[in-house]
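Listed below are the residues making up each chain.
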Amino acid sequence: MSLHNLILNVDSYKASHYLQYPPGAETISSYIECRGGDFAEPVFFGLQAFIKEYLLTPIHAGDIDEAESVLTAHGLPFHRRGWEHILRKHDGLLPLEISAVAEGTPVPLHNVMLQVENTDPECYWLTSYIETALVRAIWYPVTVATQSREIKKTIARYLDDTAGSRKGLEFKLHDFGARGASSLESAMLGGMAHLVNFHGTDTVSALVAARRYYGADMPAFSIPAAEHSTMTAWGRDREQQAYANMLRQFIGPDRMVAVVSDSYDLWHAIENIWGDALKDQVINSGGTLVVRPDSGDPVSIVTESLERLMRIFGARQNARGYRVLPDYIRLIQGDGVSRFSIPEILQVMKEQNMSAENITFGMGGELLQKLDRDTLSFAMKASAIRIDGQWHDVWKDPVTGPEKKSKRGRLALIRGDTGELETIRLEALNQHTNLLQPVYRNGRLLRETDFEEVRQRAQI
């Protein structure tokens, strides 16, 4: 079975829906919105990647044969005539129009982000058929980009308070999530979504995705870093030699290296190795050593590590009156890091008169994996149908779930009089500019955005 057979990129029950619409159906208009959840301002991102990967390649006769074989054996009807019509009349490209807000735009909850309609009346069933693939392709990068941006706001606030400058903000949250993602594609999309906000990652597939789908040259950076296996391979009695080798191999003028330092005893590593045996090498390296704790309670470990490093290496007082380590030494916390623990760590640092300049965070599963479609209550709903040339509203309004009430009619997204984004009916557009612009039509990408444009729109 081909993993790229778009006809099979679907929920089972969709295969029967072509028989369920009213007679005379010609066009279905559906939209995607975030109906609620953990964040107030989702960042729209990921549509161009989906279009390039899935919608620019035509289906072929083998896809139709395979889909018929699978779905009929699965217990469902198969719309062979409909798919053969697409193959014959549209050369296998989907007769759809997708309009969307520009990628990188923060869109407040309960507003339309994307609208899709079929462009061929024979394919009225196609709009909803694409829902499974389209929603899955969008909810995940939107949710990762949104969470990453909210964390950026948190770190920015503490930098404002304790440093008076946001210098280096774009490197303050580093993606450690590749191995914890559910698939390579998840790592690519989620890792790329994080890079909408930050410039640090160890998820190489995110670089590939940003280059492939958004024309990015080099969207993020990393540094040489130790893992426990490379340190413990030296043995406990040669831990100092392991660390010295890291300095010898990687550090130098304007160069950085991160060394995990808790393989045995973090406090011994800080006090006796970094702070004594190798202290002069650290100070005179011309670069920056980044010490990495990797176990214990993140709040107490970070603050205790910083206290010890400041006692050993000294600290200056910045313009805001907070303590900062010398430039040649910093800390990265990559264990137990989440959108909840980051503000806890930064708040306790602030209370102990430590600047947020001292620390960088590495975030793994919490960044790319501990999210789902309900984090922002993503949904795609039909809102209008054209029957025999006449448009009719379509909506749901369940008594048992008022939060699931959907919008009616063909929609537009505008900037209202107060500057806030607002969803209105398309026929009420008048002098306003519709921010939902056609991006895809009948197998063609109509408007391409590059990664830097996305980043600019997502700025905090």
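Quick look at the packing of helix H6 (residues 184–194) against helix H7 (residues 204–214) now. Taken N-terminus to C-terminus, the directions of H6 and H7 make an angle of 75 degrees; their axes are 7 Å apart at the nearest point. In terms of their interaxial angle, H6 and H7 are classed as roughly perpendicular. Contacts from Leu184, Ala187, Met188, Gly191 and Met192 of H6 reach H7 at Ser205, Ala206, Val208, Ala209, Ala210, Arg212, Tyr213 and Tyr214. Along the lines of polarity and charge, the residues of the contact of H6 with H7 split into 10 nonpolar, 2 polar and 1 charged.

Counting buried positions along helix H1 (residues 47–55) yields 7 of 9 residues, so the element is predominantly enclosed. Taken as a whole, H1 has its buried residues at Leu47, Gln48, Ala49, Phe50, Ile51, Tyr54 and Leu55.

With that settled, consider the pattern of salt bridges. For the structure on display, the rule yields 29 salt bridges. A salt bridge links Arg330 to Asp327, with the nearest nitrogen and oxygen atoms 3.5 Å apart. Note on Asp327: relative accessible area 55%, which makes it exposed. Bridged by salt links that share partners, the residues Glu41, Arg149, Glu150 and Lys153 form one connected network.

With that settled, consider a nonpolar patch on the surface. There is a patch of nonpolar side chains on the surface, built from Phe171, Met218 and Phe221 and spanning about 280 Å² of accessible area. With respect to the secondary-structure elements, Met218 resides in the loop between H7 and helix H8 (228–232). Residue class for Met218 comes out partly exposed when judged on its relative accessible area of 36%.

Moving on to the side chain of His85. Structurally, His85 can be placed in helix H3 (residues 80–89). Of the residues examined, His85 reaches a relative accessible area of 12% and is grouped as buried. Once residues lying within four places of it in the same chain are set aside, the contact partners of His85 are His90, Asp120, Glu122 and Cys123.

Rules of the game
Residues numbered from 1 in each chain as written. Predicted model: local features only at pLDDT ≥ 70, side-chain atom pairs only at ≥ 80, totals over all residues. Heavy atoms only, no water. Axes fitted to C-alpha atoms, helices over the stretch in contact; angles between N-to-C directions. Helix = DSSP H or I, 4+ residues; strand = E, 2+ residues; numbered from the N terminus. Parallel < 35°, antiparallel > 145°, perpendicular 65-115°, else oblique. Contact = heavy atoms within 4.5 Å. Nonpolar A, V, L, I, M, F, W, Y, C, P; charged D, E, K, R; others polar. Buried < 20%, exposed > 50% of the residue type's maximum accessible area, 1.4 Å probe, protein only. Salt bridge = Lys/Arg side-chain N within 4 Å of Asp/Glu carboxyl O. Patch = residues over 30% accessible without salt bridge, like charges linked within 9 Å, V, L, I, M, F, W, Y side chains within 5 Å. Areas by Shrake-Rupley, 256 points an atom, 1.4 Å probe, with all protein chains shown as cover.

That is the geometry; function is a separate question.
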